[in-house]
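# Commentary on secondary and tertiary structure
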Amino acid sequence: MAEVILMPRLSDTMTEGVIAEWHKKIGDPVKKGEVLAEVETDKATMELESYKEGTLLYIGKEKGGKLQVNDLLAIIGKKGEDITSLISGQGKEPGKKKEEPSKQTTTEVKQQSSATQQAASSVMDISKIEEVVLMPRLSDTMTEGVIAGWHKNVGDNVKKGDILAEIETDKATMDLESYKTGKLLYIGAKKGEKIEVNGLLCIIGQEGKVDVNAIVAAAKTGTSAIPATSTPPPLSNQEPSQQVIVNQQYDSGIKHQATENGRLKASPLAKKLAKEKGIDLNKIHGSGDSGRIIKADVDNFKESGSGSQSTITKPSTVPQFVATDTEGYTDIPNSQMRGVIAKRLAESKFSAPHFYLTMEINMDNAISTRSQLNEVSPAKISFNDMVVKAVALALRQHPAVNSSWLGDKIRRYHHIHIGIAVAIEDGLIVPVVRFADQKSLPQIAAESKELSGRARTKKLQPNEFTGNTFTISNLGMMDIDEFTAIINPPDSCIMAVGKIKETVVKKPEGFGISNFMKVTMSCDHRSVDGASGAAFLQTFKKYLENPATLLL
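All of the points below concern the structure found in this document.

### Examining helix 3 (residues 212-220)
The complete set of buried residues in helix 3 reads Val212, Ile215, Val216 and Ala218. Considered in projection along helix 3, the buried side chains sweep an arc of 160° and stay on one side of the axis. For helix 3, exposure combined with an orientation more than 90 degrees from the buried face picks out Asn213 and Lys220. Those residues of helix 3 that are buried are in contact with strand 9 (132-134), strand 14 (182-187) and strand 16 (200-205).

### Topic: the packing of aromatic side chains
In the structure shown here, the tally under the stated rule is 1 aromatic pair. With centroids separated by 5.7 Å and ring planes inclined at 40°, the aromatic side chains of Phe470 and Phe536 adopt a geometry described as tilted. Note that Phe470 is positioned in strand 27 (residues 470-474) and Phe536 in helix 10 (residues 530-545), a separation of 66 residues in sequence. A single burial state applies to Phe470 and to Phe536, both of which are buried. The lysine or arginine in question, Arg370, covers the ring of Phe383, its NZ or CZ lying 4.6 Å from the ring centre.

### Brief notes about unusual backbone geometry
The omega torsion across Pro489 and Pro490 is 10°, close enough to zero to call that bond cis. Looking at the secondary structure, you find Pro490 in the loop between strand 27 and strand 28 (493-507). Here the phi dihedral of Phe435 falls at roughly 50°; this positive angle occurs in a residue that is not glycine. Its place among the elements puts Phe435 in the loop between strand 26 (432-433) and helix 9 (441-456). Despite not being glycine, Lys458 shows a phi value in the positive range, around 60°. Considering the arrangement of structural elements, one finds Lys458 in the loop between helix 9 and strand 27.

### A look at a nonpolar patch on the surface
Nonpolar side chains collect at one region of the surface, where Met477, Met478 and Ile480 lie side by side and expose about 330 Å² of accessible area between them. Position of Met477 relative to the elements: it lies in the loop between strand 27 and strand 28.

### A short note on the sheet that holds strand 14
Spatial strand order, 9-16-14-11: 4 strands in an open sheet with antiparallel pairing. Where the open sheet ends on each side, the last strands, each with one partner, are strand 9 and strand 11 (157-158). Alignment of strand 11 against strand 14, held across 2 bridges, turns out to be antiparallel. The residue bridging Asn157 from the neighbouring strand is Lys183, located in strand 14.

### Quick look at the nonpolar core
Core analysis: the largest hydrophobic core is formed by 54 residues, its most contacted members being Val391, Ile418, Phe470, Met495, Phe536 and Phe540. Element by element, the count of residues in this core is highest for helix 8 (residues 383-397), at 9 residues. When sequence neighbours within four positions are dropped, the list of residues in contact with Ile418 reads Val388, Val391, Ala392, Leu395, Pro431, Val432, Val433, Ala436, Phe470 and Ile472. Of all hydrophobic cores here, the second largest spans 18 residues; its members include Met14, Leu48, Leu56 and Leu73.

Here is what the cut-offs are and how they apply
- Residues numbered from 1 in each chain as written.
- Predicted model: local features only at pLDDT ≥ 70, side-chain atom pairs only at ≥ 80, totals over all residues.
- Heavy atoms only, no water.
- Buried < 20%, exposed > 50% of the residue type's maximum accessible area, 1.4 Å probe, protein only.
- Helix = DSSP H or I, 4+ residues; strand = E, 2+ residues; numbered from the N terminus.
- Arc of directions from axis to C-beta.
- Contact = heavy atoms within 4.5 Å.
- Phe/Tyr/Trp six-rings, centres within 6.5 Å; stacked < 30°, edge-to-face > 60°.
- Lys NZ or Arg CZ within 6 Å of the ring centre and 35° of its normal.
- Patch = residues over 30% accessible without salt bridge, like charges linked within 9 Å, V, L, I, M, F, W, Y side chains within 5 Å.
- Areas by Shrake-Rupley, 256 points an atom, 1.4 Å probe, with all protein chains shown as cover.
- Salt bridge = Lys/Arg side-chain N within 4 Å of Asp/Glu carboxyl O.
- Pairing = 2+ DSSP bridges.
- Core = buried A, V, L, I, M, F, W, Y, C linked by side-chain atoms within 4.5 Å.

Given below as structure tokens:
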């Protein structure tokens, strides 16, 4: 009997998941333990393993699509098995009352089921059709491209070497040149729209000899293109219909003039500016990738042969300003992680009454102790590791700070799990050092380094970024003196750590230099009182100013 697989909750804050990749397609056999898909949550991208053997009969969303937790993700069963009732019920558990679908809905479901079964058995592979041009993978991290502009319209004749379009990837904007001669019969997206890698970009061929409608219909099934998990071969080895010349519009250190197939390599903006200024591009040496001429080359070009003056003359008037750029802005769509971070921090800031406690700590002894410890420690100990240990030991003595507000009660934790905020490309993630009060400084140092590294590559497992009872955010290494941080739920407190700064102070023997560090603790006033927070900071300060106590 076919079995449904629902979108699991892969983190404590997850409400929906984005399909980052499918490792199986409809009709593929699936074994227990095999990876079905990669799902992007608000905190990491994780692999989803199958717990059932059979044939993949249905998928709830294609790559890039979103599913709510407990939505129908996939159906696995026997090949040819009728799954109409499971699809119409959207994966509800057997025995639960289901609403009777309308006649139209039933018909649509049957059609979808029929189409699904047909897709499993026979599919038009448009990647094998000579006239089809698919969206190539133009960088190692590219998953989709945005059409920045078309240089040809449907119905235009296209020659080998003509620029078809400009494609914006995650790293640059690139020109796509045709390696085929014919008529542009179809384009897959308009300017500003997205096409996934291996999606249908366009069709070039002879009018009347290509079934455009059949190709487009096959592409829309989502199963007709090359599997997204496979990386396309180098462009020089692709089928003629998919070969393109890629001209990147970002700067490189190569400085020579470059042509390819007799065509001067220059960015569209550089060509436009050169035309407006009446400059011959053949006289310009490109500083872009592979000698490509870019906007800066045109702006900096000066005609030679006009001679030079031995003296500098003072201009009589201020030259009129001419803008070379236009006003504009860029809208950056929020990632799944960025959206959840924004939601959770807004809820924390506006629901939890924050108050802040700042304290200055003398770090002279901590600096000398750290140097001595690193001479014998198997793992290099950082100042942040010492902060983690001092916080953990102070929490032992002040359990009121190691707590969570739960509405009708305050939960005080017996364990001490310290979260360490780590900045990544999509925002912020907080890997957790568990039982930090029981671990030695070298153990904390080694674990923190490993967790931070895997956090930046999105390889953390759910148990490694959940369960924190107190959080530390350190911006001292970025030359920040002091700052305040927003409490990271479910914690009651978060500590913001600034840089260690040299300060002139009066000493018994006169004036001298001491090193000070400021920390600011944000507290949820519902669960932590001002006196409790201040007492905690006093204990924390004693540990750091007398670092030998961290070793006891």
